[in-house]
Structure formats: structure tokens, C-alpha cells
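Observations on the model geometry
Residue strings, one per chain:
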Amino acid sequence: MRTSNHLIGLLNFFTFLASIPILGGGIWLSTRANNTDCLKFLQWPLIVIGVSIMVVSLAGFAGACYRNTFLMYIYLWAMFFIIAVLIGFVIFAYAVTDKGSGRPVINRVYLEYYLQDYSGWLEERVTSQSYWMKISSCIRDSHACGKTMRIYNGIPESADLYYLRKLSPIESGCCKPPTECGYVYENETVWIPGGGLVGADPDCVRWSNDQEQLCYNCNSCKAGVLASLKKSWRKVSVINIVILIILVIMYMVAIAAFRHNKRIDNDEPYGETRMEKAQPSRIHF
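The rules we used
Residues numbered from 1 in each chain as written. Predicted model: local features only at pLDDT ≥ 70, side-chain atom pairs only at ≥ 80, totals over all residues. Heavy atoms only, no water. UniProt positions renumbered as here; feature names shortened; annotations may be inferred. Helix = DSSP H or I, 4+ residues; strand = E, 2+ residues; numbered from the N terminus. Salt bridge = Lys/Arg side-chain N within 4 Å of Asp/Glu carboxyl O. Polar contact = N/O pair within 3.5 Å; in protein donor to acceptor, adjacent residues only side chain to side chain. Disulfide = S-S within 2.5 Å.

Taking an unreviewed UniProt entry as the reference, the chain is identified by name as Tetraspanin-3 belonging to Anisodus acutangulus. Of the comments in the UniProt record for the chain, the one headed Subcellular location (unreviewed entry) reads "Membrane". Note on the chain: under the UniProt heading Sequence similarities (unreviewed entry), the record states "Belongs to the tetraspanin (TM4SF) family."

The UniProt feature table records "transmembrane region" (unreviewed entry) at residues 6–29, 41–62, 74–96 and 238–258. Between the C-alpha atoms that bound residues 74–96 the distance is 33 Å, and the span itself is 100% helix and 0% strand.

A full pass over the atoms with the stated rule returns seven salt bridges. With a closest N to O distance of 4.0 Å, Arg140 and Glu212 form a salt bridge. Note that Arg140 is positioned in helix H5 (residues 129–141) and Glu212 in the loop between helix H8 (203–206) and helix H9 (219–265), a separation of 72 residues in sequence. Where salt bridges share partners, they join Arg150, Glu157, Arg165 and Glu188 into one cluster.

Here the focus is the side chain of Asn187. Tracing the chain through its elements places Asn187 in strand S3 (residues 183–187). A distance of 3.0 Å separates the side chain of Asn187 from the backbone nitrogen of Thr189, its partner in a polar contact. A polar side-chain atom of Asn187 sits 2.9 Å from the main-chain amide nitrogen of Val190.

Here we come to the state of the cysteines. The final tally for this structure, using the stated rule, is four disulfides. Here Cys174 pairs with Cys221 through a disulfide, and the sulfurs are 1.9 Å apart. Because the torsion about its S-S bond is 90 degrees, the bridge between Cys174 and Cys221 counts as right-handed. Taken together, the positions of Cys174 in helix H7 (residues 169–174) and Cys221 in helix H9 put the pair 47 residues apart, joining distant regions of the chain.

Here you go:
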């Protein structure tokens, strides 16, 4: 195990590089929050984890390369804590996004989203009045619905073409009324009542052609935000699982490097076991 220090130093360098996708995932969620979901509190756990792994990797790299047992000891405890937090975050991310998905609609390519399909901590957080005021305001200010407009030779896109679109959850839930309400398409953000409203969905009376209102107060809009969050968190969780596997391997190698450093600090000849020493170390991993 004489090469364990060199190996842990090299692996810590790669772990430092691997922490970049985690940090990037948090920044990506932050960008998504500013443009669509508008939930800035969701990306901070990833950013904190990414920065922590960077700092701890540097400590492990220095401890291994300079054979500093104290740094390696701190590194092992810090890495153990990060692995535990990352496992908890992955489990939490899947737990709060396990319910809800878009529903297909007849003669439509896009899906529609219903708040009753979602439940749990994330749903309560998003739909709370204090948070939803900020979220809906952020979506409105980002002009997410205005960006759906398509003009061909000065004429809005036809209804048939619009129905063939793959709308994002935000566009489907916030920028148009639910299909069951029976509104008639005029353009992407203007819909007029047909022969009377159809269905008992409360969103049917919440829809407004006022471009500052649209369906931002609709349950379908809240469901669209939840669906968008689920998609984003699942993508980031895949990256986190890969990084977690790497960190566990790193941790096992770091334990070997730590034991090697302790042998040298105790003037123990290589190959001698701890049980052969007169005074074995009290620190065991």
C-alpha cells in the first residue's frame, strides 16, 4: 500500500474535477429558477455540496501528497459527512418528486398538468401563498408565455400547428387554459370562450386574456412548475449518484492512505501488522 498516498492524491484531483458537475448542476438549477421555476432555494444544497467537495478534495490532495496525517484525518471525517449528506439529498430529491406527471390529451401533442396529481413537501412549498406570489411574479417577469408566440408572414400560428407542439410544463400549465374548459384558440396567449365553459375545473374561470394574468393563478400553472422541478431534479440526481459512487471509492482508498501514514508516523516497518506493535494506535477506521 506504499502507493496509496499517490493514488489518493490523484483521485482527489479527479474528485475536485468531478465536483464541478455538482456545482454546475446547482448553477443550472439557479438559471432555470430565474427563467421558469423561480425557486432559488432549491439549488443551494447542490451548490453547497459542490463547494464542500472542492475544498475537501484539496485537503485530501495536500494530506496525501505531503503525508500530513492530521489533514487526512480531517479529510476522512469531512468526506464521510459529505457522502452522508449527498445520500440524504439524493433520497430526498427522489422522495419529493415521486408523484405527478403530465396527462395526455386527445388530439394534442402537449401534456396537461393537474395539481391533484402532486402531493408532499414540494407541493406544499410551491403552492403556499407566500412562495407562489414570488414564483408567479417571476414567471410573469421572465416572459415565458410571450416567448411561445410564433408569427408567420404577420399571421399567428394556426390552432392545428399549435396543438402539435411539445409545450414545456410551464407553457402548458401557465400560458393557456385547460383543454376541458372549451376555450377556442386565437393565438398562443389569447383564447376566447366557445359555446360556454365546459367542465368543473376552477381554472376555467381563472383564465384571463390579460397578458399580465393569463393562467398564473391557476392550479395547472402550479402543477406545471412542479412538473418542471421534477424533471430538473431527476436530471441532477443522476449526476449526483455517479459522483456518490466515485466518492465512496475515494473514501475507501483514503482509509488505506491514512493507515499507511499512521504506520510511517509510528515508525512501523511496512508489512508489520498493528497487533505486532507494543503500543498499537487507538485510531481505527
